Each structure stands twice: as C-alpha cells, then as structure tokens.
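Understanding the architecture of this molecule
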Amino acid sequence: MSRLVYAVGAGAALCLQGLAYPAEAAESKAQIEGTLAPDLRAAVIRAVGDTDRPIGNRFEARRRAREAAEDAIAVLRSEGYYAYDVEPDVGEGDAPKALVKIAPGPRFVLGPAHIDWIGATPDPASLAAALSALALTPGQPGRAADVVAAEGRVVGAVQKRGYADAKAEPREVVVDHADNTVSPDYRIAAGPLVHLDSIQLTTHGRTHPEWLQNLAPWTHGAAYDPDQVAELERRLLDTGVYESVTVSLAPDTDVTPDGLRPVVISLAERDKRTLELGASYDTTEGLGLDAKWTRYSLLGRADTFSVLGRVSDLDSRIELDLSLPHWLTAQQTLALRTAVYRTNTPAYDQEGVMASADVTHRWGRNATFGLTGTYFTWGGSIDVSRTEELGLQTLTPLGRDLVTFTGLVDMALDRSDNPLDPTRGWRISARIEPTLLTGDGEFPFLKLQGQASGYIPFDTKGDTVLAARLHLGSITNGTVGDIPAPQRFFAGGGGSVRGFGYQEVGPRLSDNTPEGGLSLAEISLELRRRLNEKWGLVVFLDGGTVGSGQLPNFQDASIGAGVGVRYNLGFGPIRVDLATPVTSRRGESPLQVYVSIGQSF
C-alpha cells in the first residue's frame, strides 16, 4: 500500500504544479460610472477591455474615454437600450483617468415583426414555416442579436423547404421612442423552388463518378434540402481519402431542360500512397516496429488498401487490409483482412494464417432513434493455426492444430468528444463471438465481452478530467482446459492492468506460466490534468482479475498504480506511463514503463 500512496501522492503533487500560472496586472481601459444592471455592466466592461499600459497624460485619457464610450454605445444598442446617455470624461487629479458616464435609459421591447416577400411568394407550408421561425414575441427585450438571428432563421426555414436561392434583402427596423418598441420589417426574396438533378464532378482524379451518384442522400428530382447536401459532403469526408471536399448547388444558369439543378462536387484527393513507420515499447512486451504501406482509391470508390508488417517480441505478422466505405448503403463499411502471423507470449506460442470479413454500420444524427456515434458490426473469420502450450496438470508440451471459425456481433455507442483524447461523455460496447474449434474434434463455445468508460471534466475547458473504465468478459461452455490458450482471457500490460507485465494477472501453472481463464474483470481510474497546450500529467489506479469460472472472482484481484506524462501531437497525445504493482505476490518487476499514442482508454 505504501507504493500506492507514493505513486498517487507524487502524481497529485505534479498535477497541482500545473494549477498555478502567473497573472499579468491589467486594468480596464476606462472606468464605467452610472446605474446599470449587473449583467449589462459586465457586458460593457468586457467590450471596453483591459490594458496594462498606464495613461501618460490627459490627452491620452480623453482618447481612451471616447473609444470606450463608442464600445459602450454598441453594447447598449445591441441589448435594446436606445434612449441612452453616454458621456466620455476625464477624472481630476495628477493621474488622469478615462471615465465613461452611462445613463442607459429604459430598455426597449419588441413590437410586431413583419415579413415582406420580394418577388414570388413561397408555398403556404413554407410561409407558415417562415412565420414560425421568426420566434419573436412582442414585449421581449429588443436585443439586436435576436432581431438578426430571426432573419437567419426565416431564410433557413425557406431554404430547408427547397428554396435554395432564398436570401435576405436589407431589413428595416423601426425604433419608436414614443412607446419604447423595436419593430423589425424583414424583406426576403425566396426565389424559385429548386429540384435536384444528379451529381456533377468537376475535378479529375481517382474517384469514379458512377460511385458518387450512388452516394447521394436524395432521389432524382427531389426538392432541395441543405441538410442533404451537407450530408453528402460529410459522407465523403468520413472516408478519410480526401484532403478537402466541396459540395454546392450549381448556379441557376445550369438548370437542365427538365428544370433540375445539379449538385457540384470538387474533390482534392490525398496522396495516392503513404508509408507509415511506428514503434512501441514497454518493459515486458519489449520493442515493437511497424511499417504500413497504404494505397487510396485503388478501386475508385474511396477505398483504402494497406499492407502492414510488424516485428515484435510478442507479435510478428504480415497483414493485408481492404476497407470499402459506404458499401451497399451509406455509412456502412466492409473490412476484409488476411494475415500470416506468429505470436510468442508467456502463456503460449501460435503461428498461422487468418482471414476475416466484417461489416460495420454507423448511425448518424438523422438516422434511426437519432443516435450519434452508434456502431453495429457483424462478420466472421477463419483461423488455421498451430498452437504450442503446456498441459494444465502435466506441464508437458501440448501442440494443437486448429481450424477456428468465429462469428462476430459487436455494438458500440460513443458519446465522447474525442476518439484519442476524450474530456467528457461516455462509451459503451458489447461483443459476442460464437466460436467453433475443429481439429481433433469439434468444440463450440461463446465468448462475451462488455466495456464502459466515462469522462467527467472539472472545468469548462476540460483541463482536469476524471476518467473511469470497466471491462468484463466471460466464456461459456467447457473448462479452462477445453479452451485453447489463445482463446482464453489474460490481463496485465499497457492496455489492461498497468504495473503488471503482459499476462501477469491471473492464475498460474505450477511453473509460474500464465494459465488464463474463462472470466475477466478490469477497472481503471485516471485523473488527467492538462498543464498547457502541449503537456499533461496523469495519476492512475488499475485493477483486474482473471478466473477459472465463468464469472469473475474478485478475491484474487491485482492492483497497480502510477503516473504518466502526455504530450499533445495535435490529433492526440503520446503517453508515457510509469506503474508499479500494489498487490505483488509473485515477484513482479517493481516498475513497468509503457509508451504509446492516445489515452489508455
């Protein structure tokens, strides 16, 4: 327990160092005098701003007072105070100060609002939508921002119903000092109702125009909807193979003979090929080196084909991947993978060849149930392998030649704000893998896993975040001896229970070889503190257990604790974690080091 106290205490001390920062002495450019409501006074002070340069003479003080008065008048008008009295002045004394004396007067309220249609009047449904979009209630404060925003809502409501060329002409706003009202009169030109034609690709690249036609979220001849045009742009950007995407409605001069308007797409495709090199390290898994060659739009449909080569102490492989986004329908990706691999772990050695096919469908903002970041995956794989492990009782080498058929059903909901460095929100996932082993006989079993994580910020910017993760797993049917070692649960390592080496958590054979189990439970807590734009610190506590039964047994849990450093790369952090086992029972190393990209969960 002393190690836990030391690790958490040291990390907390480091985090607290980042809480303090020097503050520069600054004062308001001008003093505000007068009786103002607290929120109005605060808005005026913000608009006037601060300065750290002292006033040298009365001329400078008067200049600042005039500038501050102009800023104050802008705030008063924007908040509905049109009968104001604002006077810039200079204070008496040897040290002149800029003053602004303000008498705001009464706050004007909204009067009746009107819409005058320039040119053709839209259809009755669009007229009703425009009036509803105004949302200006007479008697409410006559704020300028509300008046301007209402105009934007009216234009947006008409455009949403197919009037793509709708625009606002100069509005007239009557400020009546007799009854203290503000009455806006909007002048809107709706233009003609627009119906959509097919997609028109203006750039020449690797993308086939035929594939783009099937990606449009509208039917031929449908009324224009800006959300659908924006959805097409989002679908193209989601593929990750374009540097930029521009989607816009063709000008009204390009109307087809049947009265339709094409949608114009301009694509800036990323480099045809990329080569990525990567490395990872921790004290038990050793050094890992990766090289990945990727070819984009090989088939002309925003596809990604990659060849991965990996060499490490634990896992070495050559892997081919093909990803087809928007396969058969939008927001659905087909992933094909094949690999030749060799793994050497403390519990077993395995080499073989595998192939898999998975389909992932994502729901977006306008899809079923309105869910965002919701993923459903189904698929299957076949693995032909040779496994070397020890018999549980005899400790004699046991070789297994296996053909493993595995199905996959996976559901994930992601409500976090960043995939690599979340500061708020939550994630949950559930995974079901029905498996059939063939070789010396046939043996079916079911592997179940579930994980949940949450992120609670302690401030609006998310500089300090409490993160938590829970991971559970269970294998049904059979005993530990029936399940080949590669299919069992193991724990320990950088993505599991830090402080313990790879596969060090859980039961062991009599020669100290990790046995693995039929059940798994892991829990992690992290306190993350961002010190500045680049650096951050983390204090963490991990716990986990692996059991021989189908339900986890928490009586033999392993706990690790430590601190970490984060360096922000822009898209995500590099993490370096130092961890120590708190519940050491088998002579584990007193210190584990992990280096990777992205937060641990």
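About the thresholds
Residues numbered from 1 in each chain as written. Predicted model: local features only at pLDDT ≥ 70, side-chain atom pairs only at ≥ 80, totals over all residues. Heavy atoms only, no water. Pairing = 2+ DSSP bridges. Helix = DSSP H or I, 4+ residues; strand = E, 2+ residues; numbered from the N terminus. Axes fitted to C-alpha atoms, helices over the stretch in contact; angles between N-to-C directions. Contact = heavy atoms within 4.5 Å. Buried < 20%, exposed > 50% of the residue type's maximum accessible area, 1.4 Å probe, protein only.

Considering the sheet that holds strand S10 (residues 195–201)
- Here we have three strands laid out as an open sheet, ordered S10-S12-S11, and mixed in their pairing. Of all the strands in the sheet, just S10 and strand S11 (242–249) have a single pairing partner and so form its edges. The sheet shows a mean angle of 20° between the axes of neighbouring strands, taken without regard to direction.
- Across five bridges, S10 lies against strand S12 (residues 260–269) in parallel orientation. The residue of S12 that forms the bridge with leucine 201 is isoleucine 265.
- Taken strand by strand, helix H7 (residues 226–238) contacts S10, S11 and S12, and its axis lies near 165° from that of S11.

Examining unusual backbone geometry
- One non-glycine residue, alanine 135, lies in the positive phi region at around 50°.
- Inspection of the secondary structure assignment puts alanine 135 in the loop between helix H4 (124–134) and helix H5 (144–160).
- Using a relative accessible area of 52% as the deciding quantity, one classes alanine 135 as exposed.
- Backbone geometry places asparagine 180, a non-glycine residue, at a positive phi of 55°.
- In this fold, asparagine 180 is placed in the loop between strand S8 (167–176) and strand S9 (181–189).
- In this structure asparagine 180 comes out as partly exposed when scored by relative accessible area, which is 24%.

Observations concerning the environment of glycine 373
- Tracing the chain through its elements places glycine 373 in the loop between strand S18 (349–363) and strand S19 (374–390).
- Take glycine 373: its relative accessible area is 19%, and that puts it in the buried class.
- In this structure, the C-alpha to C-alpha distance between glycine 373 and threonine 479, residues 106 residues apart in sequence, is 37 Å.
- Once residues lying within four places of it in the same chain are set aside, the contact partners of glycine 373 are Trp363, Ala412, Leu413, Asp414 and Arg415.

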